[in-house]
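Report on the structure
What follows is the residue order along each chain.
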Amino acid sequence: MADVEIPAAPTIEGATHLHSGKVRDLYELTEGPYAGALLMVASDRISAYDFILDATIPDKGEILTRMSLWWFDRLADIVPHHVISTDVPAQVRGRAVVCEKLSMFPVECVARGYLTGSGLADYRATGAVCGNPLPDGLEDGSRLPEPIFTPATKAAFGDHDENVDLEAVAAVVGPGGAARLRDLTLEVYARAEAVAREQGIILADTKLEFGDRPDGTTVLGDEVLTPDSSRFWPLAEWQPGRTQPSYDKQVVRNWLTSPESGWDKASGEAPPPLPPEVVERTRARYVEAYERLTGETW
């Protein structure tokens, strides 16, 4: 496990800091019309290989927030979302939302329509991914016969999530809860995959998080369908059998593992600072993903 150090969360008047992750800081509002609700703030932090890097990516937090809001609107008829308001304190305006307190499920709900990443590793080892048997002969980037639900356990910070099967999810949330999470995940993926394809983008896979309201209603929470939680590939450049170009932090990963960085990933030492050109190229990929998907100019 990497020794992950999270920068101190900023102090926000009228809010109490509760928790910080690799990218987001979570607060409880203590004043104003939404007192008692949560304030979720997306920072410009970027992580790679279980390290939070010293460099930040300008505008990243705002891009993630705007993209999630755009998708929440397009998924509302499938599943309600946790956003109450975008009326947030001035210092985090544009990068934060006021959201409901939910009883979050301790499961990463992943849908895959294409084979890559940890799914590819599982397939090569077993011929299946999370209990879903797949045909022989698939390659890195192959489109699956149909999308599959490939959940994962939520690991401690700095550890890796572990792929599990539906039975393992049922053991945690019950058979009915597991089926509901699977069905919602695949419904959201199907809608989003079709929307992205119309814009010339492949949605290879995505990670969703759900929680329950006190009345038992299941709600979509956290971020949704951003480059941090999903793999987006340019449709025109898709070619199975190789690593696909992607709209995410692959630029950062590629530089860190290149001879130019001089970093030994196995050393356990923190990565070196990112050069300005790597920061700018990474920002450009996030901006391009936002603009191509939404049709809006950043």
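Reference entry: report on the structure contained in this document. Everything numeric in this text was worked out from a predicted model, so none of it was measured.

Turning our attention to the nonpolar core. Counting 62 residues, the largest nonpolar core has Trp71, Phe210, Leu225 and Leu274 as the members making the most contacts within it. Among the elements that line this core, the one with the most residues is helix α3 (residues 166-198), at 9 residues. Each residue touching Leu274, except ones within four places of it in the same chain, is listed here: Leu53, Ala55, Val252, Trp255, Leu256 and Val279. Residues Ala15, Ala37, Val41 and Val92 belong to the second largest nonpolar core, which totals 11 residues.

Enumeration according to the criterion identifies 19 salt bridges in this entry. In this structure, the salt-bridge partner of Arg283 is Asp59, at a minimum N-O distance of 2.8 Å. Taken together, the residues span a long stretch of sequence, with Arg283 in helix α5 (residues 276-294) and Asp59 in the loop between β5 (51-56) and α1 (60-75) at a distance of 224 residues. Using a relative accessible area of 19% as the deciding quantity, one classes Arg283 as buried. We classify Asp59 as partly exposed; its relative accessible area is 24%. Among the ionic pairs, Lys207 bridges to Glu108, the shortest N-O distance being 3.4 Å. Taken together, the positions of Lys207 in strand β15 (residues 201-212) and Glu108 in strand β9 (residues 107-114) put the pair 99 residues apart, joining distant regions of the chain. A residue is classified by how much of its surface remains accessible, and Lys207, at 22% relative accessible area, is partly exposed. Salt bridges here are not isolated pairs; linked through shared partners, they connect Asp59, Glu280 and Arg283.

What follows is about the pairing of strand β2 (residues 24-29). Bridge analysis of strand β1 (residues 15-20) against β2 gives 5 bridges, and the strand direction is antiparallel. By the bridge assignment for β2, Thr16 is matched with Glu28. Between β1 and the antiparallel strand that follows it, β2, lie 3 residues. In terms of strand pairing, β2 meets strand β3 (residues 38-42) through 5 bridges, oriented antiparallel. Bridge pairing links Asp25 to Val41 in β3.

In contact at an axis separation of 11 Å, α1 and α3 are set at 115 degrees when each is read in the N-to-C sense. Between α1 and α3, the crossing angle belongs to the class labelled roughly perpendicular. Between α1 and α3 lies a crossing of right-handed hand. On α3, the residues that touch Trp70, Trp71, Arg74 and Leu75 of α1 are Val188, Arg191, Ala192, Val195 and Ala196.

Rules and cut-offs
- Residues numbered from 1 in each chain as written.
- Predicted model: local features only at pLDDT ≥ 70, side-chain atom pairs only at ≥ 80, totals over all residues.
- Heavy atoms only, no water.
- Core = buried A, V, L, I, M, F, W, Y, C linked by side-chain atoms within 4.5 Å.
- Buried < 20%, exposed > 50% of the residue type's maximum accessible area, 1.4 Å probe, protein only.
- Helix = DSSP H or I, 4+ residues; strand = E, 2+ residues; numbered from the N terminus.
- Contact = heavy atoms within 4.5 Å.
- Salt bridge = Lys/Arg side-chain N within 4 Å of Asp/Glu carboxyl O.
- Pairing = 2+ DSSP bridges.
- Axes fitted to C-alpha atoms, helices over the stretch in contact; angles between N-to-C directions.
- Parallel < 35°, antiparallel > 145°, perpendicular 65-115°, else oblique.
- Left-handed = near helix turned anticlockwise from the far one by under 90°.

Read these as geometric descriptors, not functional statements.
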